[in-house]
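Residues per chain are reported as follows:
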Amino acid sequence: MSDDLLKKVISHAKEYGFIFPSSEIYDGLSATYDYGQNGSELKNNIKKYWWKSMVQMHENIVGIDASIFMHPTTWKASGHVDAFNDPLIDNKDSKKRYRADVLIEEHVEKIRGKINKEVAKGFKRFGDDFDETEFRKTNPNVLRNVAKIEEIEQKFKDSLGKDDLPAVKELIEELGIACPVSGSKNWTDVRQFNLMFSTEMGSVAEGANTIYLRPETAQGIFVNFLNVQKTGRMKIPFGIAQIGKAFRNEIIARQFIFRMREFEQMEMQFFIKPGTQKEWFEYWKKTRINWHNALGLGEENYRFHDHLKLAHYADAATDIEFNFPMGFKELEGVHSRTDFDLKAHEEHSGKKLQYFDPQDNKSYVPYVIETSIGLDRMFLAILSNSLKEETLEDGSSRTVLTLPAALAPTKAVIMPLTKKDGLPEKAMEVMNELKYDFNCQYDEKDSPGKRYRRQDALGTPYCIMIDHQTLEDNTVTIRDRDTMKQDRVSITELNAIIAEKVSFKTLLK
Ligand code: GAP
C-alpha cells in the first residue's frame, strides 16, 4: 500500500468523472473537491445505503435536515468555541505545521509495528504450535514495548487533560520525534488553534453578527431533540439521524478527500436512559461494523481504535479505522456523549430538554450514543478498495472498479453492436424500459471490447449488447463485470436479473 495507489485513485477519479479538483480552471483551491457525474451518483448511493439501514430500517430512528447556520450560542454551549482546538507545532527548519497528537500517535504506531514484527518472528519459529496470546504475555521485547506505549499514552493524556502544552512539547522532544520533511528536531512551542470557520450574518451597517459554519451536524440534532421527540411521539431509546455538510479549518488538509475543509457527515444521535450507555455503545459498535462488513470490502480492512484523547463531550469513544491507501485511518466514530450536549443547551437556552419516562414516572436528560461517519471518507474507502488492475487469461490487462453493485453509479449500459440495421433503435427501446428502475446509460461509440473496458473502469455491473439476433428473437447478451461472462437472455428477464444484483436488500439482509 502506498502513495502510488493513492495517486492512481486520484487520477482514475478524475479521468472517469468521479472527482475533480474544485475550481480547477483557476488552479483549484486547496483541499476542496467537486464530485463529477459518476462521483455524485456513487456518493448518493452511499447516502441511500446509510439512510436506508439507519433510518428506514429502524422503526425508532427518524431523520432530519437541519440548517448549516445555527444560533451562535449553540457553539458556546457545545464547547466548540472554547475547546474545538488542535494542538499544533511547527518545525522551524521545514516550516511545516503538524498536529502534536498525530506526531505522538505516529510514534506509538512505530512501536506497535515493532511488537507485530516480534510476534511474526515467533509465528515463523513455532509455526502451528505458536500461542500468540501467551507470547504477547511473556516475551520480554513485546512487554518492554507495550510498557513504553502505555507510558507515552499516559503522559500525553495527562498533559492534554491539564492543558499543559509545554509538557506536550517536552514529550515530543523526549521521544526524539523528528520532522518527516527536514529531519530536524527544531520545534516551536505547541499552541491551540480553533477549527471553526466564521462569517457574518446581516450587513455590517445593520450590526454584524458572527456566526459559524457548523463543524459537525450533530448539534442540529441536539437543538431539535424536543421538537422531534414531541411531534414524533418518540419513546426512549430512539435516534435522530442526518446527512449534511460540515466545515473545519483543518491545518493539515491533505490526502485527497480524506481530510477536507468542507465535507459531509452522516450522523445519528441515539437517546438513551442514563446508565445504559455501556450496552448501547457496544450495540452500536457492532451494528456499525456489520454495516461496513456487508459491503464486502474485506473484514481485515477494518479495525477498532479506542480514543486516547477523548473529545470534550465523551466518556468513551472508538474509531472504526479502514485500511486506506495511506494505511489504517479513522473512517467513523462511535461516541458515548453522555448528557453533555443536552445539559449544556438547557443551561444556555434556559429551556428544559428532558424526557418524561412513563415507566419510571420521572423526567431526565437522556444520554446519547453517537455514530458519525464521514461520507467522503467512505467514498474514498470504497473507491480505493475497488480499483484493481487485473491480468487476464490471454495476457492482456484491464482496470476494473469492483464496486458493490448496489452502489455503482450506472447499473447497466445498453449497447447496440453496430450503429446500423435498426440496432440503435432497439437498444433505445430496451433502455427506455429499464431506466424507470435503474440508472442506465446508452453507448454506441467504439468497438465492443473498448466499450466493455470503459464500463469495467466505471464499475458498471452489467453491459447489455443488442445484436442482430435480438431483432429476431428478443434476446440479448448480458455481460457480468466481475466474471466477464456473457449470457444470452430474453429482454423480458433483464429487469429481474439486474434488480437481484443491485438491490440494497442483498446488502441489508
Ligand atoms: N459529531 C462527532 C464528530 O464530528 P469527528 O470524529 O470529529 O466526530 C466524525 O468526525 C467523522 O467525520 C470522522 O470519523 C470522519 O470520517 C469525518 N471527518 C471529520 N473531519 C473530516 C475532514 N476534515 N474531512 C473529511 N471527513 C472528516
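Cut-offs and rules
Residues numbered from 1 in each chain as written. Predicted model: local features only at pLDDT ≥ 70, side-chain atom pairs only at ≥ 80, totals over all residues. Heavy atoms only, no water. Helix = DSSP H or I, 4+ residues; strand = E, 2+ residues; numbered from the N terminus. Buried < 20%, exposed > 50% of the residue type's maximum accessible area, 1.4 Å probe, protein only. Contact = heavy atoms within 4.5 Å. Areas by Shrake-Rupley, 256 points an atom, 1.4 Å probe, with all protein chains shown as cover. Near = heavy atom within 4 Å. Polar contact = N/O pair within 3.5 Å; in protein donor to acceptor, adjacent residues only side chain to side chain. Nonpolar A, V, L, I, M, F, W, Y, C, P; charged D, E, K, R; others polar. Domains from an automatic or database assignment. Buried area = accessible area lost by both parts, 1.4 Å probe. Salt bridge = Lys/Arg side-chain N within 4 Å of Asp/Glu carboxyl O.

### Topic: the overall build of the protein chain
Part 1 of the reasoning: Scanning the protein chain from N- to C-terminus turns up 18 helices and 23 strands.
Part 2 of the reasoning: Taken along the three principal axes of its C-alpha coordinates, the protein chain extends 80 × 65 × 55 Å.
Part 3 of the reasoning: Within the span of the protein chain, comprising 509 residues, buried residues form 50% of the whole.
Part 4 of the reasoning: Nonlocal contacts in the protein chain, meaning residues at least 24 apart in sequence, comprise 65% of its contacts between residues at least 6 apart.
Part 5 of the reasoning: As displayed, the protein chain offers around 25,200 Å² of accessible surface, 49% of which is attributable to carbon and sulfur atoms.

### A look at the site of the ligand
Part 1 of the reasoning: In the vicinity of the ligand, 21 residues are found, and the nearest of them are Glu216, Arg248, Met260, Glu267 and Glu330.
Part 2 of the reasoning: The contact in question runs from a nitrogen atom of the ligand to an N or O atom on the backbone of Phe258, over 3.4 Å.
Part 3 of the reasoning: When the free accessible area of the ligand is taken as 550 Å², the share hidden by the protein chains comes to 94%.
Part 4 of the reasoning: Secondary structure elements with two or more residues in the shell around the ligand: strand E10 (262-272), strand E13 (327-338) and strand E16 (367-374).
Part 5 of the reasoning: With six residues, E13 is the single largest residue contributor to the shell around the ligand.
Part 6 of the reasoning: Residue composition of the shell around the ligand, grouped by class: six nonpolar, five polar and 10 charged.

### Concerning the domain arrangement of the protein chain
How big an interface is tends to be reported as the loss of accessible area on association of its parts.
Part 1 of the reasoning: According to the domain assignment, the protein chain contains domain 1 (1-72 + 208-390), domain 2 (85-194) and domain 3 (392-508).
Part 2 of the reasoning: Just the C-alpha atoms count here: the centres of domain 1 and domain 2 sit 27 Å apart.
Part 3 of the reasoning: Carbon and sulfur atoms make up 59% of the area that domain 1 and domain 2 hide from each other, which totals about 1,100 Å².
Part 4 of the reasoning: Where domain 1 touches domain 2, the interface holds one salt bridge.
Part 5 of the reasoning: For Glu109, the salt bridge identified is with Arg303, shortest N-O distance 4.0 Å.
Part 6 of the reasoning: Across the contact surface, domain 1 and domain 2 share zero residue pairs in polar contact (both at pLDDT 80 or more).

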